[in-house]
Amino acid sequence: MKPQTTLLFLLTELMLHANPAAADSARTALNELVVVGKKVEVKEQGRNLTITNIKGSDLASAGTILDMMQWTPGVMLDAMGNLTVTGAEGSPLIYINGVKQTDRTKMELISSALVKKIEVIRDPGAEYPTGTTSVIRITTSVPLQDLIGVNVIDQLRVFRRVSNGTTANAFGSLGKVDFAASASFNAGNSRQSASYTETIIDKSGDVLRHNATEHQDFSHSRRWNWMAGATWHITKDDDLQIEYSGGNSTMNRTFANDRLTAAGSEAPEAMSYESHNRKTPTNHTLLGAYTRSIGESTLTLTATYNFKKSHNEEDVYLMPQAALHQTNLSDSRSDLWTLQGEYAWSFGGKDSQTAGVYGGRSSNTSGTDFTFTGLQNVNSSVGWTEMYYSSRFDLFKCAVTAGLRGRWEHQSSESYLNGTLEKYSKSYFNLVPNLSIWHRFSKNLGVNLSYKYRYSLPSFSQLRPSMTLNDLIFYETGNPALKIPRSHYVALVFNIRSFMVAAEYIYRINEIMDITTPIEGSDYFLVKPINMSGNYRMSLELSYNLNLGSKFRLYAFGTVTQAHNQYYYADELSRRDNLSASVYLNGSWSLRRNLSVFATAGYWSPTLVDNLRTGASCNISFGGNLSLLKSKLNLRLAVNDLLRRSVTPNWTSWSPNLRQTRINRYDTRGVTLTATYRFTMPKRKYSSIDNADDYDRM
């Protein structure tokens, strides 16, 4: 700590003794002024992580919040943009300052330097929407009053092709109003290829036809994102937030295929075709939130509106010389309204309760005009209401969390295909309980036992019986007879000093999977969803967290999983079993005050997902971070996916009459250079600032 900062600290402490009422505001100001990096702290309770002391660290210098996720302990972001949480299935819900995000716009716009705390929740309670498997909660810092900060981030990515993005942030506080605004432009280019085979067999196991296809895929994108918002601190206990974010992009894709088909004893036939695709999606989101603090309780009201639309054009040519031509056109639009009210209170700062109501409505409209299937228009909507209650209290020296969430939902859709109308309408009501018991036997030993019931509803596309063409070769159809997938989850967790050991068991009922079968008398295939039954997953997890002062940090996570899948199709029972393992490492080392290095490494053995077996994947990424010009300029160089295997490199799928294999060669290995320039300026006259030296240091 600098001598000036040390002196300021002593003077501040004397002031706090003289005027205790000023303690909170003064400490907040002091914390904001100290920009010297501390060690990043990672704490675990049960299976959940809390990451603090981020300011001034290698995480804070990542670029945007989304860039930060690639290097955050317990979180993984691969080169294709897929965000996951270690040891959790599916994609996490993202909350920024307590507000659920409907897309990734804010994560791509807000600077990582503003992040104060990250919570990675792998056992979400009843206060989160039904079916949630993991949550990432991000809290950003509040700047000093009467200041404006600006960050400019430029990111150059050199993979097999060159991409570039620039983001500008402005944030600050004027009197009782905090504000933030961001804008970004990204130009992306990528190239990838794949080898794909399909083997069609009859009931006796004889091969009827074998297809081998080589894919070449080139894509170009141009994307604009923007955001503006303000929070008005009406009184000490009342806040009002309004925010708008949006995005517009253009994506062009050229998809070339060389296909070789061998049917029975006939000579193989060769065919080549190209697909030229242009897509223009648009997104707008409006948010309003009001928060009222009343003693030990808080009332929060949040309303959101999200609008999305997209136009897609695809021209398919049979080569050479475009002998045949096929045109596919599609348009879609969705409107999503949500309203949530939540009241949280506690008794004596110990027992806490949360109750809330959450509802909304989503309407979706899509229209397609495919050469082979003709006109099809689909109008669908879903409306829902949820009520939830969660309680945290002490019982027999145990911290108990119990919750219940109920959801009523109505789905309806109308499909028009070649003049034929198909309707679907159905309502659901489900109750979802959860229970967690935590007990700390000693300073170095804590035990957590939890149970959770989960369910998920089939989507519109999985339910509607109409048939659409997808990916040139495959038709897709829904299944109105699908049942609701349900699961029971039990976990036993031990926190032993820096270690976490967890045993999990998940039993699944009516899980939905896609079955692919050949369409008789054609070269096409039909993909249809069905329910699975009698499936389970058992896993053992181990994590280790090490912090050595402000110099070195390491987070390690590993898991071993036994999965069993089975399903009935055509009166036959198919079974699949798989034992898999994974290891994940995340670390950083501060070499000097302004220089640090960091790395992530992960390995995932072959895994069984429904009737699809993925190949082993491995991600090794590392980089360095250099701060210059009194920390105003930050340079960051990262080498991504050294082995080019971070995204599933291959997979094999089984269906009753079809075997599919695919070898992917993604454009994932490359170098990313990020330059961030940030500065802060006062809105008042320089001479009127009490601590001008501190503002200089910022």
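In every chain, residue numbers begin from 1 and rise along the written sequence. Reporting in this predicted model follows two pLDDT cut-offs: at least 70 for local features of residues, and 80 or more for side-chain atom pairs to be given and counted; totals over whole chains, interfaces and linings ignore these cut-offs and use all residues. In computing side-chain properties, one takes all heavy atoms of the structure into account and sets aside hydrogens as well as water.

Draft legend 1. View of the overall build of the protein. When helices and strands are counted, the protein shows six helices and 38 strands. The buried label applies to any residue whose accessible area, calculated with a 1.4 Å probe on protein chains only, is under 20% of its type's maximum; exposed applies above 50%, and partly exposed to all values in between. Scored against the burial criterion, the 698 residues of the protein give a buried share of 46%. Long-range pairs, those at least 24 residues apart, make up 63% of the contacts in the protein between residues at least 6 apart in sequence. Method for areas: the Shrake-Rupley scheme with a 1.4 Å probe, in which residue coverage is limited to the protein chains shown. Accessible surface, the protein as shown: approximately 33,500 Å² in total, 58% of it carbon and sulfur. What counts as a helix is a DSSP run of H or I of at least four residues, what counts as a strand is a run of E of at least two, and both are numbered from the N terminus. Contacts are residue-level and defined by heavy atoms, with any inter-residue pair within 4.5 Å sufficient.

Draft legend 2. Representation of the sheet that holds strand E6 (residues 99–100) within the structure. A sheet is described by the order of its strands in space; here six strands give the open sequence E1-E2-E7-E8-E5-E6, paired in mixed fashion. The open sheet has two edge strands with one neighbour each: strand E1 (41–45) and E6. For two strands to be treated as a pair, DSSP must find no fewer than two bridges joining them. Note: strand E5 (residues 93–96) against E6, two bridges, orientation antiparallel. Paired with tyrosine 95 across the strands is lysine 100, a residue of E6.

Draft legend 3. Main features of the pairing of strand E35 (residues 633–640). Along E35, the buried face is formed by Asn634, Arg636, Ala638 and Asn640; none of Leu633, Leu635, Leu637 and Val639, which line the opposite face, is buried. Strand direction decides the pairing type here: strand E34 (residues 617–628) and E35, joined by seven bridges, are antiparallel. Its bridge partner being in E35, leucine 628 is matched across the sheet by leucine 633. Here E34 hands over to E35 after four residues, with leucine 629 in that stretch at a positive phi of 55°.

Draft legend 4. Representation of the packing of aromatic side chains within the structure. Aromatic rings from Phe, Tyr and Trp, with only the six-membered ring used for Trp, were paired whenever their centres fell within 6.5 Å, and each pair was classed as stacked if the ring planes differed by under 30 degrees, edge-to-face if by over 60, and tilted otherwise. In the structure shown here, the tally under the stated rule is 10 aromatic pairs. For the pair tyrosine 305 and tryptophan 337, a centre-to-centre distance of 4.3 Å together with 40° between the ring planes defines the contact as tilted. Of this pair, tyrosine 305 sits in strand E15 (residues 297–319) while tryptophan 337 sits in strand E16 (residues 324–347), placing them 32 residues apart in sequence. Here arginine 253 stacks its cationic end above the ring of phenylalanine 255, 4.5 Å away from the centre of that ring. Working rule: Lys NZ or Arg CZ, within 6 Å of ring centre, within 35 degrees of ring normal, means a charge sits over the ring.

Draft legend 5. Quick look at unusual backbone geometry. The backbone of phenylalanine 396 sits at a positive phi, close to 50°, despite the residue not being glycine. Residue placement: phenylalanine 396 occurs in the loop between strand E18 (374–395) and strand E19 (398–417). Here phenylalanine 396 falls in the exposed class, since its relative accessible area comes to 73%. The residue asparagine 510 is not glycine, and still its phi comes out positive at about 60°. Locating asparagine 510 in the fold gives a position in the loop between strand E25 (499–509) and strand E26 (512–518). What makes asparagine 510 buried here is its relative accessible area of 16%.

Draft legend 6. Highlighting the pairing of E5. Summarising the sheet, E5 and strand E8 (residues 135–140) pair through four bridges and their orientation is parallel. When the sheet's bridge partners are listed, isoleucine 96 is paired in E8 with isoleucine 138.

Draft legend 7. Expanded view of the nonpolar core. In terms of nonpolar packing, the biggest core is built from 40 residues, with Met69, Ile118 and Ile136 touching the most fellow members. No other element matches the four residues that helix H3 (residues 65–69) contributes to this core. Not counting residues up to four positions away in its chain, the partners in contact with methionine 69 are Val75, Met76, Leu77, Leu83, Met107, Ile118, Ile136 and Ile138. Definition of nonpolar core: a set of buried residues of the types Ala, Val, Leu, Ile, Met, Phe, Trp, Tyr and Cys, connected through side-chain atoms within 4.5 Å. Formed by 10 residues, the second largest nonpolar core is a distinct cluster that contains Tyr196, Ile200, Phe525 and Trp651.

Draft legend 8. Fine view of the confidence of the model for the protein. Per-chain confidence: the protein averages 84 in pLDDT, with 89% of residues scoring 70 or above. Looking at the elements of the protein, mean pLDDT is at its lowest for helix H1 (residues 3–18), recorded as 32, and at its highest for E25, recorded as 95. Segment residues 1–37: pLDDT under 50, and 32 contacts once partners within four positions in sequence are set aside and those in other chains are kept. Scored from 0 to 100, pLDDT reflects the predictor's confidence in each residue. This stretch, residues 684–698, has a pLDDT under 50; its non-local contacts, to residues over four places away or in other chains, come to 19 contacts.

Draft legend 9. Representation of the environment of leucine 208. By the element assignment, leucine 208 lies in strand E12 (residues 207–233). Residues leucine 208 and asparagine 657, spaced 449 residues apart in sequence, show a C-alpha to C-alpha distance of 9.6 Å. Beyond its immediate sequence surroundings of up to four residues, leucine 208 is in contact with Ile200, Ile201, Asp202, Ala262, Ala263 and Gly264.

Draft legend 10. View of the pattern of salt bridges. The term salt bridge refers to a side-chain nitrogen of Lys or Arg lying within 4 Å of a carboxyl oxygen of Asp or Glu. Evaluated as defined, the whole model comprises 20 salt bridges. Across the salt bridge formed by arginine 47 and glutamate 541, the nearest N and O atoms sit 2.9 Å from each other. In this pair, arginine 47 is assigned in the loop between E1 and strand E2 (48–52) and glutamate 541 in strand E28 (residues 535–548), connecting sequence segments 494 residues apart. The exposure classification of arginine 47 matches that of glutamate 541, with both residues buried. Here arginine 223 ties to glutamate 108 by a salt bridge, and the two come within 3.8 Å at their closest N and O atoms. Of this pair, arginine 223 sits in strand E12 while glutamate 108 sits in helix H4 (residues 105–109), placing them 115 residues apart in sequence. Since its relative accessible area comes to 27%, arginine 223 is described here as partly exposed. Residue glutamate 108 is classed as buried on the basis of its relative accessible area, which comes to 16%. Taken together, the shared-partner salt bridges in this structure form one network comprising Arg47, Asp123, Glu504 and Glu541.

Draft legend 11. Just the side chain of serine 627, in detail. For serine 627, the position within the fold is in strand E34. In contact with serine 627, other than residues within four places in its own chain, are Asn594, Leu633 and Asn634.

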